[in-house]
Amino acid sequence: MAKAKGPALTSIKQRALQTLKRKKMYEQQRDSMAAQSFNIEQVSASFAIETAKDSLDTVSAMKSAATQLKAETKKFNFAELENVQDDMADMMDDMNEIQEILGRSYGVGQDIDESELEAELEGLEDEWAMEEAVAPQHAAPSYLATDLPAAPTGVKDKPTAAGVDEYGLPLAPVALRHMSKRKKGVSLDEKRERILKIYHDNLEVYNLKEVEKLGSKAGVVLQTIKDVNQALVDDNLVDTEKIGSGNYFWSFPSKVAQQRKRKLEDLEAKRSELKGKIESTKQAVAAQKSLRTDSDDRVVKLERLALLKSQIEEANRRMHVLSENDPDVLKKLGTARSCIHHLMLTLRCTL
């Protein structure tokens, strides 16, 4: 630098000044960053302390809550609580059963077909239209006739007029005669077979509600499914187990086959026993017959017994014939005739 002169010296000085300026600037940045680092360390330490304090408070609160919860839990009797739950479930089942029983219908045919009723109604309308067309104008209908029938003689006469029976009463329309014809219901044995088929086809465990649902789909009346299922349980054809608050049912074909085999064996044993008793009875009868001798007095008594039996049968037949002339029977016939007249008039008015 001492050898430099003129512009070169000036350039070197400027570069030296810039270097010194950068040095000062770097020193200031270093001091600033050191201060910032110190502040950050102070803040971090304070935050850590606060976090530790919060953690201690949280742990203390959890311990206190756990102690109090444990003390309150000891007051509960879990066995009693389960019993209460079971009792509530049983009461709900009983209430559902009561509602089902109250909802049953009695005396109302569940198998009545609406098409049959419509056909019967059309038949009634046709018969009444035919009767009105044949009868004189303003004439009273046949079921409103006031002439009383003659007293029966014991021998049924042929109808004297169309639509009148041997007692002078109007015959019921053809449609009414067939009102009693209903679809044949499912017998008890068929119901049992259908319920068992549900268990054997699916090989699953069901509760009562599921059995009722599947049985109803199988054509069994809903109100009878519970009784049929219980009968199967009583006959050991269906197994049951109470789990919690509900009863569950199941059955497998192998068990039914084993039970039927045992039942067949029992019947065979009873059959053999009865055969032995019959043989012994026959031998006893034969022995008694060999000891008995036919005498003239016994033959006469047997003939007398046969005669008395025939006389009793003849007397019963005559009593049956004469009972048709009984005043009480005639009175009942008159009452029945009045009821039929009233019923026919009511039906005509309603239709």
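Scroll up a little and you will see the structure.
So, here is what we can say about the structure in this document. (Residues numbered from 1 in each chain as written. Predicted model: local features only at pLDDT ≥ 70, side-chain atom pairs only at ≥ 80, totals over all residues. Heavy atoms only, no water.)

### A look at the overall build of the protein chain
Thinking step 1. Regarding its fold elements, the protein chain presents ten helices and three strands.
Thinking step 2. Going residue by residue from the N terminus, the α and β elements of the protein chain occur as α-α-α-α-α-β-α-α-β-β-α-α-α.
Thinking step 3. Counting across all 351 residues of the protein chain, residues that qualify as buried make up 11%.
Thinking step 4. Once local pairs closer than 6 in sequence are excluded, the contacts in the protein chain between residues at least 24 apart make up 63%.
Thinking step 5. Accessible surface, the protein chain: about 28,200 Å² in total, of which carbon and sulfur atoms supply 59%. (Helix = DSSP H or I, 4+ residues; strand = E, 2+ residues; numbered from the N terminus. Buried < 20%, exposed > 50% of the residue type's maximum accessible area, 1.4 Å probe, protein only. Contact = heavy atoms within 4.5 Å. Areas by Shrake-Rupley, 256 points an atom, 1.4 Å probe, with all protein chains shown as cover.)

### Here we look at the environment of Ser 187
Thinking step 1. Summarising the element assignment, Ser 187 is placed in the loop between helix H4 (174-177) and helix H5 (188-202).
Thinking step 2. Taking the C-alpha atoms as reference points, Ser 187 and Val 220, separated by 33 residues in sequence, lie 9.5 Å from one another.

### Concerning the pairing of strand S3 (residues 246-250)
Looking down a regular strand, the side chains alternate between one sheet face and the other.
Thinking step 1. When strand S1 (residues 206-207) meets S3, the two strands line up antiparallel, connected through two bridges. Looking across to S3, one finds that Asn 207 is bridged to Tyr 248.
Thinking step 2. Strand direction decides the pairing type here: strand S2 (residues 239-243) and S3, joined by five bridges, are antiparallel. Residue pairing in the sheet places Lys 242 in a bridge with Asn 247 of S3.
Thinking step 3. The turn linking S2 back onto S3 is made up of two residues, and Gly 244 within it adopts a positive phi angle of 70°. (Pairing = 2+ DSSP bridges.)

### Some remarks on the packing of H5 against helix H7 (residues 222-234)
Thinking step 1. Packing of H5 against H7 brings their axes to within 10 Å, and their N-to-C directions diverge by 75°. Compared by their axis directions, H5 and H7 come out roughly perpendicular. Here H5 contributes Leu 188, Lys 191, Arg 192, Ile 195, Leu 196 and Tyr 199 to the contact with H7, which in turn contributes Thr 224, Ile 225, Val 228, Asn 229, Ala 231 and Leu 232.
Thinking step 2. Taken together, the residues of the contact of H5 with H7 sort by class into eight nonpolar, two polar and two charged. (Axes fitted to C-alpha atoms, helices over the stretch in contact; angles between N-to-C directions. Parallel < 35°, antiparallel > 145°, perpendicular 65-115°, else oblique. Nonpolar A, V, L, I, M, F, W, Y, C, P; charged D, E, K, R; others polar.)

### Some details on a nonpolar patch on the surface
Thinking step 1. Among the surface-exposed residues, Phe 76, Phe 78 and Leu 81 lie close enough to one another that they form a single nonpolar patch of about 350 Å² accessible area.
Thinking step 2. Structurally, Phe 78 is set in helix H2 (residues 78-102).
Thinking step 3. A relative accessible area of 52% places Phe 78 in the exposed class. (Patch = residues over 30% accessible without salt bridge, like charges linked within 9 Å, V, L, I, M, F, W, Y side chains within 5 Å. Salt bridge = Lys/Arg side-chain N within 4 Å of Asp/Glu carboxyl O.)

### Some remarks on unusual backbone geometry
Thinking step 1. Phi angles above zero are rare outside glycine, and Leu 203 is one such case at about 55°.
Thinking step 2. Residue placement: Leu 203 occurs in the loop between H5 and S1.
Thinking step 3. Judged by relative accessible area, Leu 203 falls into the partly exposed class, the value being 46%.
Thinking step 4. Positive phi, close to 60°, is recorded for Asn 236, a residue that is not glycine.
Thinking step 5. Checked against the element boundaries, Asn 236 lands in the loop between H7 and S2.
Thinking step 6. A residue is classified by how much of its surface remains accessible, and Asn 236, at 47% relative accessible area, is partly exposed.

### Things to note about the packing of H5 against helix H6 (residues 208-217)
Thinking step 1. Where H5 contacts H6, the two axes come as close as 9 Å, and the packing angle between them is 110°. It follows from the interaxial angle that H5 and H6 lie roughly perpendicular. Residues Ile 195, Ile 198, Tyr 199 and Asn 202 of H5 form the contact with H6, whose own contacting residues are Val 211, Leu 214 and Gly 215.
Thinking step 2. Partitioning the contact of H5 with H6 into residue classes produces five nonpolar, two polar and no charged.

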